Amino acid sequence: MKRALQITYRGMPTSEALNEHIRDHAAKLEHFFDGIVGCHVVVDEPHRHQHHGHQFRVRVDLHVPGKDISAGRTAAEHAAHEDPYQAVTEAFEAARRQLQHYTQAHHEQYRH
C-alpha cells in the first residue's frame, strides 16, 4: 500500500490483536489490486446494551486512483455483529468485492 493503513476505534479501547487481524485483511486486498493508495478502517461499538451484549460495526474505506470505495457492516446495511473479528472479515469481504468490480472495469476501460 502506498499510504499507511489507518485504524480508528470508536466507543471501545484499541486492540492489538484486532489491529493484526485488520492488517492481514488489508494485505490480502493488495493481491486483487496493487494500486491501493490508502485504507482507513473504523471499528465502532456504538451502544453497549446490557441485554444484547456488545455490538460492533466496521467500515473499510479504500482509496484507489479515481475512486473511493467504502464498505462495511453498518446498521443501515445489516444488524451490528457481536464478534468484532467477524465484523472485520465481513467488511473486508465487501470491500474486496467492490475492489474486484473496480479492477474489472478499470481493465476493460484500457482494453478498448
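Residues numbered from 1 in each chain as written. Predicted model: local features only at pLDDT ≥ 70, side-chain atom pairs only at ≥ 80, totals over all residues. Heavy atoms only, no water.

Draft legend 1. Representation of the overall build of the protein within the structure. Looking only at helices and strands, the protein has two helices and six strands in total. Sequence-ordered secondary structure for the protein, helices as α and strands as β, is β-α-β-β-β-β-β-α. In the protein, which comprises 112 residues, the share counted as buried stands at 38%. Surface summary for the protein: the accessible area is close to 6800 Å², and the carbon and sulfur share equals 48%. (Helix = DSSP H or I, 4+ residues; strand = E, 2+ residues; numbered from the N terminus. Buried < 20%, exposed > 50% of the residue type's maximum accessible area, 1.4 Å probe, protein only. Areas by Shrake-Rupley, 256 points an atom, 1.4 Å probe, with all protein chains shown as cover.)

Draft legend 2. Representation of the confidence of the model for the protein in the model. The predicted model of the protein has a mean per-residue pLDDT of 84, with 78% of residues at 70 or higher. At the level of individual helices and strands, the protein shows its lowest average pLDDT in strand β3 (residues 48–49), which scores 56, and its highest in strand β1 (residues 5–10), which scores 96. Taken together, the stretch residues 75–79 has pLDDT below 50 and engages in four contacts with residues farther than four places along the chain or on a different chain. (pLDDT = per-residue confidence, 0-100. Contact = heavy atoms within 4.5 Å.)

Draft legend 3. Geometry of the packing of aromatic side chains. Counted by the stated rule, this structure contains one aromatic pair. Arranged with centres 5.4 Å apart and planes meeting at 85°, the rings of Phe-33 and Tyr-102 form a pair that is edge-to-face. Linking Phe-33 in the loop between α1 (16–32) and β2 (38–44) with Tyr-102 in helix α2 (residues 84–111), this pair joins segments that are 69 residues apart in sequence. No difference in accessibility class separates Phe-33 from Tyr-102, as the two residues are buried. (Phe/Tyr/Trp six-rings, centres within 6.5 Å; stacked < 30°, edge-to-face > 60°.)

Draft legend 4. Structural view of α1. Taking 1.5 Å per residue as the helical rise, α1 with its 17 residues ought to reach 24 Å, and the 26 Å between its terminal C-alpha atoms agrees with that figure. For α1, the set of buried residues is Leu-18, Asn-19, Ile-22, His-25, Ala-26 and Leu-29. For α1, the arc enclosing every buried residue in end-on projection is 125°, short of the 170-degree limit, so these residues lie on one face. Among the exposed residues of α1, those pointing more than 90 degrees away from its buried face are Glu-16 and His-31. (Expected span 1.5 Å × (residues − 1). Arc of directions from axis to C-beta.)

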